[in-house]
Amino acid sequence: MADFPITRTSQPKPKPADEGLAFGKLLTDHMFLMDYTEGKGWHAPRIVPYGPISMDPATTVLHYGQAIFDGLKAFRGADGRVRLFRAQRHAERFARSAKIMCMPELPVDLIRESFDALVSVDQDWVPRAPGTSLYLRPTIIATDVMLGVHPAHSYLYFLILSPVGSYYKEGVKPVRILASDTHVRAVKGGLGEAKTAANYAASLAGQRDAEAAGYTQVLYLDGVQRKYLDEVGTMNIMLRIGDEVITPPLAGTILDGVTRNSALTLMRDWGLRVTERPITIDEVMQAGRDGRLQEMWGTGTAAVVSPVGTLGYRGEDVTINGGRTGELTQKLYDTITGIQYGRGNDPHNWTSLVPAPRG
Ligand SMILES: Cc1ncc(COP(=O)(O)O)c(C=O)c1O
């Protein structure tokens, strides 16, 4: 493991009980920082006590949102060891987000080493109860101090960690989603492929309106014709009609989800007919009315899979699989979590063990 300088906290926080953990409310004792300045490149990687970072009010990220992040998890297995799930793919996606957002090239190996080093230092924070995990949030922000709109010349990379509770305390539970024809999230040629702050800002009003109408999340349609499925809130969307599993293609407006890729890989391993193709909301609603829409689910790091029990569109609701979790959705959940917690085989080497803390 890389030998980064570590300043340990003199005031470790009390560790929370695993049972009460929510998402993203508690942060661990340390964080990883690294700076970038033009001419000097990325430099000064270090682990320091977790705490506020101070910024000039004219710092560009605060005005123009030149910011990227990613989100991945570490899991404590039944054997007590801690594993990261698909750290390489997350680090590569982070680098792609940087490129889209006009940031300097990211050293992917160094980013991966920062994951290992910080999780290793805060390893006691990885919870033990079933379904719990430690969430990693790598982030880069533009740190130039000036009010002009321009890609910055200086940046800060930080990595912070948060212990999170089980998403499904009472088993996998179907949700109600609303296909929106009023709000759009991204358009081709825009930022939809990047994990950047602006996309989440663009999703707030749609989410608020879906909740007000009694749904859990928004299913976004394409931004031009408002016909084709894009993605759901913070998840990619998949569905099964007859013997075909369908998911929208990576065509510039949606995030290349790591869980999406994992689910597609597994389903192809299982010999299923999996198609990445544009699909219209009319086709999905019609299949729902005819009873051919057998399963529909979202995929994402937070929930792994989230079955859709009800799909709403223009005042009509269709119920999918009697509002219950489908067989394939459940199999994906069981297989992926089996790999994450080290219970099942890991045929594609998706997990990596986090090194034990240095003495
Ligand atoms: C907009 C969006 N789409 C899809 C996903 C799912 O991606 P992943 O499976 O890599 O978590 C996320 C979450 O990261 C997201 O924020």
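Residues numbered from 1 in each chain as written. Predicted model: local features only at pLDDT ≥ 70, side-chain atom pairs only at ≥ 80, totals over all residues.

As recorded by an unreviewed UniProt entry, the chain carries the name Probable branched-chain-amino-acid aminotransferase and is attributed to Roseicella frigidaeris. UniProt annotates the chain under Cofactor (unreviewed entry) with the comment "pyridoxal 5'-phosphate". (UniProt positions renumbered as here; feature names shortened; annotations may be inferred.)

S.K.: Account for the overall build of the chain, with residues named and values stated.
M.R.: Within the chain one finds eight helices and 17 strands. At 21 Å, the chain has a C-alpha radius of gyration in line with the 21 Å of a compact globule built from 359 residues. Overall, the chain is about 60 × 50 × 35 Å in size when its C-alpha atoms are taken along their principal axes. Looking at the chain as a whole, 43% of its 359 residues qualify as buried. Sequence-distant contacts in the chain: of pairs separated by 6 or more residues, those separated by 24 or more amount to 71%. (Helix = DSSP H or I, 4+ residues; strand = E, 2+ residues; numbered from the N terminus. Rg over C-alpha atoms; globule rule 2.2 N^0.38 Å. Buried ≥ 20, exposed ≤ 12 C-beta atoms within 10 Å, placed from the backbone. Contact = placed C-beta atoms within 7 Å.)

S.K.: Go over the domain arrangement of the chain, please, and point to the residues and values.
M.R.: Domain annotation of the chain identifies domain 1 (30-166) and domain 2 (175-340). Look at where the C-alpha atoms of domain 1 and domain 2 centre, and you get two points 27 Å apart. Every element with two or more residues in the side of domain 1 that touches domain 2 is listed here: β3 (67-69), β4 (72-76), β5 (82-85) and α2 (87-100). When residues in the side of domain 1 that touches domain 2 are grouped by element, the largest group, five residues, is from α2. (Domains from an automatic or database assignment.)

S.K.: Describe the environment of Val-305, with residues and values.
M.R.: Mapping Val-305 onto the fold places it in strand β15 (residues 304-313). By the C-beta count within 10 Å, which is 27 here, Val-305 ends up buried. Remark: the alpha-carbon pair of Val-305 and Ser-162, spanning 143 residues in sequence, is separated by 21 Å. With residues up to four places along the chain from it excluded, the contact list for Val-305 reads Trp-297, Gly-298, Thr-299, Thr-329, Leu-332 and Tyr-333.

S.K.: Quick one: what's the story with the UniProt feature "modified residue: N6-(pyridoxal phosphate)lysine" (unreviewed entry) in the chain, residue by residue and with numbers?
M.R.: The UniProt entry lists Lys-195 under the feature "modified residue: N6-(pyridoxal phosphate)lysine" (unreviewed entry), expressed in the numbering used here. Tracing the sequence through the fold places Lys-195 in the loop between β8 (175-180) and α4 (197-201). Take Lys-195: there are 25 C-beta atoms within 10 Å of it, and that puts it in the buried class. For Lys-195, the residues in contact, after removing those within four places along its chain, are Ile-68, Phe-69, Asp-70, Arg-93, Ser-97 and Leu-255.

S.K.: Could you give an account of the site of the ligand, naming the residues involved and the relevant values?
M.R.: Around the ligand lies a shell of 13 residues, among which Gly-257, Val-258, Thr-259, Gly-300 and Thr-301 are the nearest. Ranked by residues supplied to the shell around the ligand, first place goes to helix α6 (residues 258-269) with three residues. When the residues that make up the shell around the ligand are grouped by side-chain class, the tally is three nonpolar, eight polar and two charged. (Near = placed C-beta within 6 Å. Nonpolar A, V, L, I, M, F, W, Y, C, P; charged D, E, K, R; others polar.)

S.K.: If you had to explain unusual backbone geometry to someone new, which residues and values would you point to?
M.R.: Of note in the backbone geometry, Arg-226 takes a positive phi value of approximately 55° without being a glycine. Within the secondary structure, Arg-226 sits in the loop between β9 (217-221) and β10 (229-232). We classify Arg-226 as partly exposed; it has 17 C-beta atoms within 10 Å. With a phi angle near 50°, Asn-321 is a residue other than glycine that sits in the positive phi range.

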